[in-house]
Amino acid sequence: MSIRPDVHFGYNLIHQGIATLSRIESNGIRVDRRYLMKAISSTEKEIAVIKSRMRDTPVWDLWTKRYGVKANIDSDDQLGHILFDSKEKMGLGYKSTERTASGRYKADVAALEGIDLPFIKDLIRVGKLDKALSTNFKGILRELDGDNFVHPVFNLHIARTFRSSSDNPNFQNIPVRDEDIAKLVRSCYIARDGHVLVENDFKGIEVGVSACYNRDPALIAYVKDASLDMHRDIAMELFFLSKKQMSKAIRHVAKNKFVFPQFYGSWYIACAKQIWEEIEKRDLKLTDGTPLKKHLYLNGIKGLGACDASIKPEPGTFERHVQEVERSFWDVRFKVYKQWKNKWWEEYQRRGFFDTYTGFRISGPMDRNQVINYPVQGSAFHCLLWSLVQIQKELDDRGMRTVLVGQIHDSIIADVAIDEIDDYLAIVKDVTEVRLRKHYKWINVPLSVECEICPIGGTWFNKREVVIKDDSFNWKSKDDKHNWSGSARGLINFWQKLEKEAA
DNA sequence: TACTTCGGCGCC
DNA sequence: AAAGGGCGCCGAAGTA
């Protein structure tokens, strides 16, 4: 792994990127210390309540009988033995299909899903709270300075792909998907006085950058044409659906359990299993209310199938169907992409390295998936990093009070002075959507950023998506209930007015 | 007590 | 041909 000495792009990017990231680290992000302390004690209490309820069950009786004083409710290893050992061995005899690399019972959420015990429901919930408490709350508290700021570190020297990483505390893995936990943790983060937090995300940057490498016309069309929707189209194939029958949740499953895994090198057996799990967990239904499982049954899918690599998939199983969808995905729909993957891999095997469009040579032993994914992951991040550098330059040149406070691979978080918000958003748009493409000539697809703003006095959890309403840079809330539009500053003032009226 | 490995899980 | 890419951080359990 090295920066090519004859390519200045890579060196300059890292040089300036480090300078900008250290500015961001020095700026830090403000924390509501009072909220944090209260959240820690209330979360500790909630954990204690749940754990004592768990200790008042037959499962725990058995557990203590077996492990005596060594019984530990936080031990996954003990849990595995209690749940999955046979009754003769003093277990509950639940079926366990998977083992870990070292031969233990798998005891992650997926392995526990089929077990319908209140004890297990509590265990999963308390696990999330434990994670938030130990990693997020205590991590923030440990790093909190006297002015109530944390200063997450952003590294450029760790990831093999030349992506960044973050630590102490890690700013790039803060809960967002689980609404309860996201609220708990993100409420810690607030803006400086007279400021609001603003987050801008590149929309589908990895797919866009991937299209730049593989130049697949079908993929490029999906990226370029806003009226097309790749995830919806794949969901239609996966689940035998018309556009009208499609729900957001079903599209979401196709996107995150098939399309992205396929791009990252997964295959039909893993995809089929995961999609099947997700249908059950989310109780997915068509728009007319028909359960998705029933709909699949009516389309000839009688079950998941064996999902065993040594057994040919049976016709009439979901596994077999996903195999078919996979085949058409790579052999028909994205065949140029597939050819690129083969060529890229073959060239790496011959030369022992590959070069990214952003000026880096990556060499050394890698497997096929790594060789195919690294250039995309790295280059996508470099689009973000270059943008970050330019935005910081603009802020400096204009003497603005707005500060950058974080970066999450494809998104930028700023603590924006309220009177500067429209200028800031204009800078972000110009850098990311116009100037970036001039700098990196290899970008042959449009790139766009999405925008979320936290209301005045709100927390990071309260961010709301806003969109440009027209050509004249007027903004409005995306989930528009009020039909207000105008400057971004006017919009957040409008939110504040609504809030005051409600109070 | 200090350290390592493992499994698990948070994010993109 | 192989079979999900990249990180950081936690607690449990084992070892020195």
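See the structure shown above.
Below or above, wherever it landed, is the structure these notes cover.

### Comments concerning the environment of Ile220
Inspection of the secondary structure assignment puts Ile220 in helix H9 (residues 217-224). Note on Ile220: relative accessible area 16%, which makes it buried. Ile220 sits eleven residues away from Val209 along the chain, and the two C-alpha atoms are 9.9 Å apart. If sequence neighbours within four positions are ignored, Ile220 has contacts with Ala211, Arg215, Asn444 and Val445.

### Topic: the protein's contact with DNA strand C
Around DNA strand C there are 32 residues in total, and Ser75, Arg142, Gln274, Gln370 and Tyr374 lie nearest to it. The protein-proximal atoms of DNA strand C, defined as those within 4 Å of the protein, are 63% sugar or phosphate. Within the contact set of DNA strand C, a phosphate oxygen lies 3.1 Å away from a side-chain nitrogen or oxygen of Asn72. In the model, a phosphate oxygen of DNA strand C is placed 3.0 Å from a nitrogen or oxygen of the Arg160 main chain. If you list the elements that add at least two residues to the surface near DNA strand C, you get helix H6 (118-143), strand S5 (165-167) and helix H16 (368-397). With six residues, H16 is the largest single contributor of residues to the surface near DNA strand C. Here the surface near DNA strand C is composed, by residue class, of six nonpolar, 19 polar and seven charged.

### So, the packing of aromatic side chains
This structure, assessed with the given rule, holds 34 aromatic pairs. The side chain of Arg55 reaches across the aromatic face of Trp60, ending 5.6 Å from its centre.

Conventions adopted
- Residues numbered from 1 in each chain as written.
- Chains lettered and ligands numbered in written order.
- Predicted model: local features only at pLDDT ≥ 70, side-chain atom pairs only at ≥ 80, totals over all residues.
- Heavy atoms only, no water.
- Helix = DSSP H or I, 4+ residues; strand = E, 2+ residues; numbered from the N terminus.
- Buried < 20%, exposed > 50% of the residue type's maximum accessible area, 1.4 Å probe, protein only.
- Contact = heavy atoms within 4.5 Å.
- Near = heavy atom within 4 Å.
- Polar contact = N/O pair within 3.5 Å; in protein donor to acceptor, adjacent residues only side chain to side chain.
- Nonpolar A, V, L, I, M, F, W, Y, C, P; charged D, E, K, R; others polar.
- Phe/Tyr/Trp six-rings, centres within 6.5 Å; stacked < 30°, edge-to-face > 60°.
- Lys NZ or Arg CZ within 6 Å of the ring centre and 35° of its normal.

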